[in-house]
Amino acid sequence: MPTPDMSLFGLFLQAHFVVKFVMLGLLASSVWCWAIVVDKQLLFSRTKRNMDRFEKIFWSGQSLEELYRNLSNRPNTSMAALFVAAMREWKRSYESGGRSVAGLQQRIDKVLDVTISREIERLESKLLVLATVGSAGPFIGLFGTVWGIMTSFQSIAASKNTSLAVVAPGIAEALFATAIGLVAAIPAVIFYNKFSNQVTRQASRMEGFADEFSAILSRQIDERA
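What you are looking at is a predicted structure, and each value in this text was computed from that prediction instead of being measured.

Peer 1: Provide a residue-level description of the overall build of the chain, including the pertinent values.
Peer 2: Helix and strand counts for the chain stand at 7 helices and 0 strands. Sequence-ordered secondary structure for the chain, helices as α and strands as β, is α-α-α-α-α-α-α. Among the 225 residues that make up the chain, the fraction classed as buried is 40%. When the accessible area of the chain is evaluated, it comes to approximately 12,800 Å², of which 63% is carbon and sulfur surface.

Written out as structure tokens, the structure is:
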């Protein structure tokens with residue numbers, strides 16, 4: 001009787017086609033998750049740098065009008081997007097031909113809230129994939145394991161040979177599916193929690209800036225009233 005190939009690649013080739021399908025699906029999910037992890041790591045790092053740079057400029061004493069002119073014609077994210085959205089609403093109210101500012105403060109607050117929600121949605125995009133793989137991956141791998149073990153027992157019954165040399169390869173193939181499920185799920189859970197925490201911190205930072213900027217505009221509205 002030939003010695004079965006117990007390497008990882010050999011276990012994959014010898015596995016039942018259902019177990020192979022589970023393994024390939026989990027491997028594809030793992031690659032997808034790592035692509036999201038790299039993309040999100042770059043996004044959060046870039047967003048934090050942009051926030052730091054914007055806050056440094058904003059609190060440097062530069063006039064709001066000048067800062068708005070510099071930022072209004074370029075793509076903006078995070079705090080710069082909040083600033084531009086609020087200033088645009090401010091300027092529309094005072095440049096519309098009338099001096100009435102009734103409801104301006106409420107409109108500015110609404111614009112800030114909508115912009116924050118949009119930015120949070122941008123930061124949270126694709127995190128659901130990590131959550132799904134993290135929660136479902138082990139169970140999908142377990143399904144492959146159960147199917148592989150069931151197939152192994154059927155083969156054992158057909159051959160009427162219960163020696164360890166016959167049982168071990170089939171069991172190893174089945175357990176390999178669970179291992180791949182854990183390899184896909186564990187990093188997904190870790191990075192989902194990490195990125196969720198970063199979303200919360202950056203959302204809190206944007207909300208804090210929005211409150212401060214809203215207060216600044218509120219004082220100017222009172223002065224012009």
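Peer 1: Quick one: what's the story with the UniProt feature "transmembrane region" (unreviewed entry) in the chain, residue by residue and with numbers?
Peer 2: In the numbering used here, UniProt assigns the "transmembrane region" (unreviewed entry) feature to residues 12-38, 127-150 and 170-192. When the span residues 127-150 is considered, its composition is 100% helix and 0% strand, and the gap between its end C-alpha atoms is 35 Å.

Peer 1: Quick one: what's the story with the packing of helix α2 (residues 17-58) against helix α5 (residues 104-124), residue by residue and with numbers?
Peer 2: Where α2 contacts α5, the axes come no closer than 10 Å and their chain directions differ by 145 degrees. Taking contact as the criterion, the partners of Lys-40, Leu-43, Phe-44 and Thr-47 in α2 are, on α5, Arg-122, Leu-123 and Glu-124. Residue classes in the contact of α2 with α5 are distributed as 3 nonpolar, 1 polar and 3 charged.

Peer 1: How would you explain the pattern of salt bridges if you had to name every residue and give the values?
Peer 2: Per the counting criterion, the structure on display carries 6 salt bridges. Salt-bridge contacts for Asp-52 lead to Arg-205; the nearest nitrogen and oxygen are separated by 2.4 Å. Separated by 153 residues along the polypeptide, Asp-52 in helix α2 and Arg-205 in helix α7 (residues 164-224) bring together distant segments of the chain. Among the residues examined, Arg-205 registers a relative accessible area of 24% and is labelled partly exposed.

Peer 1: Can you tell me about the nonpolar core, naming the residues and giving the values?
Peer 2: In this structure, Phe-54, Phe-58, Phe-83 and Phe-213 are the most contacted members of the largest nonpolar core, which totals 44 residues. The set of elements that each furnish at least two residues to this core consists of α2, α3 (64-71), α4 (78-95), α5, α6 (127-159) and α7. Element by element, the count of residues in this core is highest for α7, at 13 residues. In terms of nonpolar packing, the next biggest core, distinct from the first, is built from 7 residues, Val-19, Val-22, Leu-26 and Phe-176 among them.

Peer 1: I'd like to hear about the environment of Val-18, residue by residue, with values.
Peer 2: With respect to the element layout, Val-18 can be found in helix α2. The spacing of Val-18 and Gly-148 is 130 residues in sequence and 8.2 Å in space, taken between C-alpha atoms.

Peer 1: Residue-level account of a nonpolar patch on the surface, with values.
Peer 2: On the surface, a nonpolar cluster with roughly 320 Å² of combined accessible area is contributed by Phe-139, Leu-142 and Val-146. Mapped onto the secondary structure, Phe-139 falls in helix α6. Look at Phe-139 and you get exposed, because its relative accessible area is 61%.

Peer 1: Lay out the packing of aromatic side chains with the relevant residues and their values.
Peer 2: Enumeration over the complete set of coordinates arrives at 13 aromatic pairs. Seen in terms of ring centroids, Phe-54 and Phe-209 are 5.4 Å apart; in terms of plane orientation they differ by 85 degrees. Their pairing is edge-to-face. Taken together, the positions of Phe-54 in helix α2 and Phe-209 in helix α7 put the pair 155 residues apart, joining distant regions of the chain. Taken as a pair, Phe-54 and Phe-209 share a single burial class, namely buried.

Peer 1: Go over a negative patch on the surface, please, and point to the residues and values.
Peer 2: Side chains of Asp-113, Glu-207, Asp-211 and Glu-212 sit close together on the surface and give a patch of like negative charge. In terms of residue count, α7 provides more of the negative patch than any other element does, 3 residues in total. Examined against the element boundaries, Asp-113 turns out to sit in helix α5. The class for Asp-113 is partly exposed, based on a relative accessible area of 47%.

Peer 1: Would you mind going over the side chain of Lys-40 in detail, with residue names and values included?
Peer 2: Mapping Lys-40 onto the fold places it in helix α2. At 5.0 Å, Asp-39 is the nearest oppositely charged side chain to Lys-40, a buried residue that forms no salt bridge. Engagement of the side chain of Lys-40 in a polar contact is seen with the backbone oxygen of Arg-122, the distance being 3.4 Å. Sequence-distant contacts of Lys-40, defined by excluding residues within four places in its chain, comprise Arg-122, Leu-123, Glu-124, Ser-125, Lys-126, Leu-127 and Phe-195.

The rules behind each value
- Residues numbered from 1 in each chain as written.
- Predicted model: local features only at pLDDT ≥ 70, side-chain atom pairs only at ≥ 80, totals over all residues.
- Heavy atoms only, no water.
- Helix = DSSP H or I, 4+ residues; strand = E, 2+ residues; numbered from the N terminus.
- Buried < 20%, exposed > 50% of the residue type's maximum accessible area, 1.4 Å probe, protein only.
- Areas by Shrake-Rupley, 256 points an atom, 1.4 Å probe, with all protein chains shown as cover.
- UniProt positions renumbered as here; feature names shortened; annotations may be inferred.
- Axes fitted to C-alpha atoms, helices over the stretch in contact; angles between N-to-C directions.
- Contact = heavy atoms within 4.5 Å.
- Nonpolar A, V, L, I, M, F, W, Y, C, P; charged D, E, K, R; others polar.
- Salt bridge = Lys/Arg side-chain N within 4 Å of Asp/Glu carboxyl O.
- Core = buried A, V, L, I, M, F, W, Y, C linked by side-chain atoms within 4.5 Å.
- Patch = residues over 30% accessible without salt bridge, like charges linked within 9 Å, V, L, I, M, F, W, Y side chains within 5 Å.
- Phe/Tyr/Trp six-rings, centres within 6.5 Å; stacked < 30°, edge-to-face > 60°.
- Lys, Arg positive; Asp, Glu negative; His and termini not counted.
- Charge placed at Lys NZ, Arg CZ, Asp CG, Glu CD.
- Polar contact = N/O pair within 3.5 Å; in protein donor to acceptor, adjacent residues only side chain to side chain.

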